[in-house]
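Architecture at a glance
One letter stands for each residue in the lines below.
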Amino acid sequence: MNPMQGLFVFRKTEIQENVSPTIHPRTSMFFMEVCEVHERFILGPSELTSSSVPKQYQYLLALAFAIKEINENPNILPNITLGFHFLCGYFFAKTNYKATLSLLSTRHRFLPNFKCDIQNSLVSLIGGFCSETTANVATILALYNIPQFTFTSLPSMQGDKMEFPSMYRMVPNEAHQYRGVVHLFHHFGWTWIGLVAMDDENGDRFLQTVVPLLSLNKMCYSFILKTPKRTYKDEILMLVLQLQEQYPVLMESKANVYFVYGEPPGLHILRMLLFAAETVSLPPLGKVWIVTSQWNFESLSFQTSWDIQTFHGALSFTVHSSQPPGFQEFLQNVKPSWAQRDGFIQEFWQQAFNCSLKSSLQQEEIKQPCTGEEKLGSLPGVLFEMSMTGYSYNIYNAVYAVAHSLHAMLVLRSKYERLGGHRQPIHSVHPWKLHPFLLGLSFNNSARDIVRFDETGEIVSGFDVTNWVTFPNGSFVRLTVGRLDPQAPRGQELTLNDDQIVWHKSFKQVQPVSVCNDPCYPGYSKKKKEGDFFCCYECASCPEGMISNQRDMDSCLECPEDHYPTKDKTQCIPKILSYLSFKDPLGIILAVLAISFSLITALVFGAFITHQETPIVKANNRSITYILLISLLLCFLCSFLFIGQPVRVSCLLRQITFGIIFSVALSSVLAKTFTVVLAFMATRPGSRVRKWVGKRMADCIILLCTFIQACICIIWLTTSAPFPDKDMHSVNGEIILECKEGSATMFYCVLGYMGFLAIVSFTVAFLARKLPDSFNEAKFITFSMLVFCSVWLSFVPTYLSTKGKYMVAVEIFSILASSAGLLGCIFSPKCYIIVIRPELNSREQLIKRNNNNT
């Protein structure tokens, strides 16, 4: 195929070939050059013709369809006919430069800057499907400021408006696409990605952009595979050998998602590498392919029979496209008989349908003759698509953009001429004058889409998320499963319909997982593996008091103080309030004991009141006995201050009340003991102790001992009073409501003072145990003090080793036990005589017992 073949002029009513177009009355013609429709896969000169890409023929048809619509539309460019000249693109810069300069020369004569056929006015150039070709062409056009519509997103350093001021991009910037791919990975939880890129400057720039972008979004690459951009026939064997080294990396990688970047030549090479794997019996790849917008599932003519099932379920960000009405009908009318008007139709037809339009003498190989009635709709998708593809749609929009800007410029010129301005010939339109009308241009096309350029010359558009469903016969279906809108609010750029996605058959329609290792489930957090990517980690159980409620959390979260983790450490639940309440079984038992002992004490006190005139009650100071009984009754009742939710009042009264009342009880016991001792000492002749014997002495002992304890308590209250508090940490899952002593020193001073009184009482009672007492009360006091001291000595270690409500229960038990010891040891013998042996409670028995003791 001659690369310069294919000159078409589209008039108002027909399409015809025109090598030397003429100017018809009231009709002028403008030319738009179209570059690089048939790209070449270099296998050697002898195979050049057989290696074109039939699918790209739709680009030419989309251009012809758009110009046909414009020329038939009386509302756009009336009395003006648009035409186009077609040039093939090349892989070599010098050839692209020469082809571009030929556009600036007289037709069929290569004389740059000399153009004699002014009737054929070049207004713009549409083309550049590879960044290399685009940059080559743009370098020349920038000198002449001719509008160029390109379909590749150049890197920022090449696509800068200052360097290429005449360039208009028909696809959004690649940066949007990369961010969209990262959003896609994040949406599906894919963090372990394989990267495939061409081994050239663009591939390196892709990796330099994507690898940090993945890292910033907590993703990693499993491997990087670079494919050659193009190859020659004698290099195929080397590629196959190279594949045998790299293919195990693809197979053994844990990554189930491959992100592929490449322009059509590189993607053709990738297909060849995968095809070579099948020829050497390597297992097929069942992966998810994520491909950039350049991927269009197009095949070289010799690749049409290759299986594309490897790419079944692939996802790509394709250029947004709609279907202009009438386009498919236009395609259905395409016939090889257009040969007089289309220099490419015959070669396309032969390669697409694998038949021959030549005579048998001209055939280089035996092929079935073409009938001319073949239908484009019967071709598999890798060769041709009946629906307008994204690139074709952008060609269609580019033609309309030129037409609308040219129309606006001519309308403005017409207004100027009507106001008396200089009249200019219609063919004197200069291309650079279109730029003010193109920048900011906005119009509705026939598909009812808004086409708009921003101030940098980039089309304001987005990407369709396309799911490729392939079939064994080489056909495929495009499923639009989402949309990437760079203009959407942050975080809403990507929308997906997960239920519509068809995955590769190896996943059995279950959403694929692509991670370096199994995820850390709730209750565990990630722990970095030394020497590996941060995406590869171990899972460590959360420490005590911490949880993780999501998968793959970097660190565990600490529960609030009033919450605690569940057993599996996946959530925090509220701690229960813990205190010794009247509803608690332990609280009920202690309350019942306190009430029981209080009733018993009250009964004893009532018995003593009833028999207060009897000798056994009068013995050893009746008033002290009453004080002791009342204090013991209050000791039992003060236990209720320890039961129930602690509040400020109860905390203030608990220890203070207990300390003072117990001091009164112990002082009473000490007074009774001293009364007995002093009474026997006073019986000696000339004893000075006699003046101390009496009720006043006992009262002084009780008041003095109680006053000292009261002073200790007052100091405690004024310096560091007890207060209610919450203990969040002592018992897991509980908030202990307790009364803090305020000052542990003062608390133990109170206990120590009571212990001092008990020891003194024990010592005096022990020394007086053999005195001739009628009822031997000193012995009973000795036993009671032994019980008291035993209880409170065991109380201290037990109290310190328990927590929560059990600590309070220990103190209540100690109060009840020690009080019951005093009550039982001192008063049970007397109650026995009063209730059971009343005959012993008489004066005669008392005298008789005294005589016996003496």
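Use the structure listed above.
These notes cover the structure that comes with them. Values in this document were obtained by computation on a predicted structure and should not be read as measured data.

What follows concerns the overall build of the protein. A tally of helices and strands in the protein yields 20 helices and 28 strands. Within the protein, the proportion of its 854 residues that are buried is 53%. Sequence-distant contacts in the protein: of pairs separated by 6 or more residues, those separated by 24 or more amount to 70%. As displayed, the protein has an accessible area near 39100 Å², and 59% of this comes from carbon and sulfur atoms.

Let us now look at the nonpolar core. Among the nonpolar cores identified, the biggest contains 88 residues, and Phe149, Trp289, Phe348, Trp349, Leu376 and Phe384 are the most heavily contacted of them. The biggest single contributor to this core is helix 10 (residues 390-418), with 13 residues. Leu629, Phe642, Ile661 and Leu822 belong to the second largest nonpolar core, which has 64 residues in total.

Attention now moves to the packing of aromatic side chains. Throughout the structure, instances matching the rule amount to 41 aromatic pairs. Residues Phe608 and Phe827 carry aromatic rings whose centres are separated by 5.6 Å and whose planes lie at 80° to one another, so their mutual orientation is edge-to-face. On the criterion of sequence distance, the pair formed by Phe608 in helix 12 (residues 585-610) and Phe827 in helix 19 (residues 805-836) is long-range, its members being 219 residues apart. For the pair formed by Phe608 and Phe827, the shared burial category is buried. Each ring, one from Trp716 and one from Phe747, has its centre 6.3 Å from the other, and the planes form 55°; the classification is tilted. Here Phe747 lies in helix 17 (residues 744-767) and Trp716 lies in helix 16 (residues 695-720), a separation of 31 residues in the sequence. Overall, the relative accessible area of 0% leaves Trp716 in the buried class. One aromatic cluster in this structure is built from Phe658, Phe662, Trp716, Phe747, Tyr748, Phe788, Trp792, Phe795 and Tyr799. Its guanidinium or amino end placed over the ring of Tyr537, Lys526 lies 4.9 Å from that ring's centre, counting from NZ or CZ.

So, about the sheet that holds strand 11 (residues 288-291). A sheet is described by the order of its strands in space; here eight strands give the open sequence 9-8-10-11-12-17-18-19, paired in mixed fashion. In this open sheet, the two strands that pair with only one neighbour each are strand 9 (220-227) and strand 19 (494-496). On average, each strand axis in the sheet is tilted by 30° relative to the strand beside it, whichever way the strands run. Direction of pairing for strand 10 (residues 257-260) relative to strand 11: parallel, over a ladder of four bridges. Each residue of the ladder has a partner; that of Val260, found in strand 11, is Val291. Here helix 4 (residues 174-188) sits on the sheet in contact with strand 8 (192-198), strand 10, strand 11, strand 12 (314-319), strand 17 (463-470), strand 18 (476-484) and strand 19, set at roughly 45° to strand 19.

Turning our attention to helix 9 (residues 345-353). The buried fraction of helix 9 is high, at eight of nine residues. Taken together, the buried positions of helix 9 are Ile345, Glu347, Phe348, Trp349, Gln350, Gln351, Ala352 and Phe353. Contacts from the buried residues of helix 9 go to helix 1 (57-72) and strand 13 (355-356). Asn354 sits one or two residues past helix 9 and shows a positive phi near 55°.

Okay, the pattern of salt bridges next. For the coordinates displayed, the defined rule picks out 13 salt bridges. The salt bridge partner of Asp204 is Lys226, with a shortest N-O separation of 2.8 Å. Of this pair, Asp204 sits in helix 5 (residues 201-216) while Lys226 sits in strand 9, and the two are 22 residues apart along the sequence. Taking relative accessible area as the criterion, Asp204 reaches 29% and is therefore assigned partly exposed. Put simply, Lys569 and Glu544 hold a salt bridge, and the shortest N to O gap is 3.8 Å. Placement of the pair is Lys569 in the loop between strand 24 (563-565) and strand 25 (572-574) and Glu544 in the loop between strand 21 (537-541) and strand 22 (546-547), with a sequence separation of 25 residues. Glu544 sits in the exposed class, given a relative accessible area of 67%.

Mapped onto the secondary structure, Arg478 falls in strand 18. For Arg478 and Ser387, which are 91 residues apart along the polypeptide, the C-alpha to C-alpha distance reads 10.0 Å. A distance of 2.7 Å separates a polar atom in the side chain of Arg478 from a polar atom in the side chain of Glu385.

Moving on, we come to the packing of helix 4 against helix 5. Close contact between helix 4 and helix 5 brings their axes to 11 Å; oriented N to C, the two are set at 35°. Handedness of the crossing formed by helix 4 with helix 5: right-handed. Touching Tyr178, Arg179, Val182 and Phe185 of helix 4 are Phe206, Thr209, Val210, Leu213 and Leu214, all from helix 5. Residues that form the contact of helix 4 with helix 5 fall into these classes: seven nonpolar, one polar and one charged.

Time to look at the state of the cysteines. Taken as a whole and assessed by the stated rule, the structure comprises seven disulfides. Put simply, Cys516 and Cys536 are joined by a disulfide, and their sulfur atoms are 1.9 Å apart. Of note, the bridge from Cys516 to Cys536 carries an S-S torsion of about 95° and is right-handed in sense. With a gap of 20 residues between them, Cys516 in the loop between strand 19 and strand 20 (524-528) and Cys536 in the loop between strand 20 and strand 21 connect regions that are remote in the sequence. For Cys516, a relative accessible area of 8% puts it in the buried group. A residue is classified by how much of its surface remains accessible, and Cys536, at 5% relative accessible area, is buried. Across a sulfur-sulfur distance of 2.0 Å, Cys542 and Cys556 are joined as a disulfide pair. On the sign convention where negative means left-handed, the S-S torsion of about -85° between Cys542 and Cys556 marks this disulfide as left-handed. Linking Cys542 in the loop between strand 21 and strand 22 with Cys556 in the loop between strand 22 and strand 23 (557-558), this pair joins segments that are 14 residues apart in sequence. For the residue pair Cys542 and Cys556, the accessibility class agrees, reading buried in each case. Cys638 forms no disulfide, and the closest cysteine sulfur to it belongs to Cys635, at a distance of 5.5 Å.

How each quantity is defined
- Residues numbered from 1 in each chain as written.
- Predicted model: local features only at pLDDT ≥ 70, side-chain atom pairs only at ≥ 80, totals over all residues.
- Heavy atoms only, no water.
- Helix = DSSP H or I, 4+ residues; strand = E, 2+ residues; numbered from the N terminus.
- Buried < 20%, exposed > 50% of the residue type's maximum accessible area, 1.4 Å probe, protein only.
- Contact = heavy atoms within 4.5 Å.
- Areas by Shrake-Rupley, 256 points an atom, 1.4 Å probe, with all protein chains shown as cover.
- Core = buried A, V, L, I, M, F, W, Y, C linked by side-chain atoms within 4.5 Å.
- Phe/Tyr/Trp six-rings, centres within 6.5 Å; stacked < 30°, edge-to-face > 60°.
- Lys NZ or Arg CZ within 6 Å of the ring centre and 35° of its normal.
- Pairing = 2+ DSSP bridges.
- Axes fitted to C-alpha atoms, helices over the stretch in contact; angles between N-to-C directions.
- Salt bridge = Lys/Arg side-chain N within 4 Å of Asp/Glu carboxyl O.
- Polar contact = N/O pair within 3.5 Å; in protein donor to acceptor, adjacent residues only side chain to side chain.
- Left-handed = near helix turned anticlockwise from the far one by under 90°.
- Nonpolar A, V, L, I, M, F, W, Y, C, P; charged D, E, K, R; others polar.
- Disulfide = S-S within 2.5 Å.

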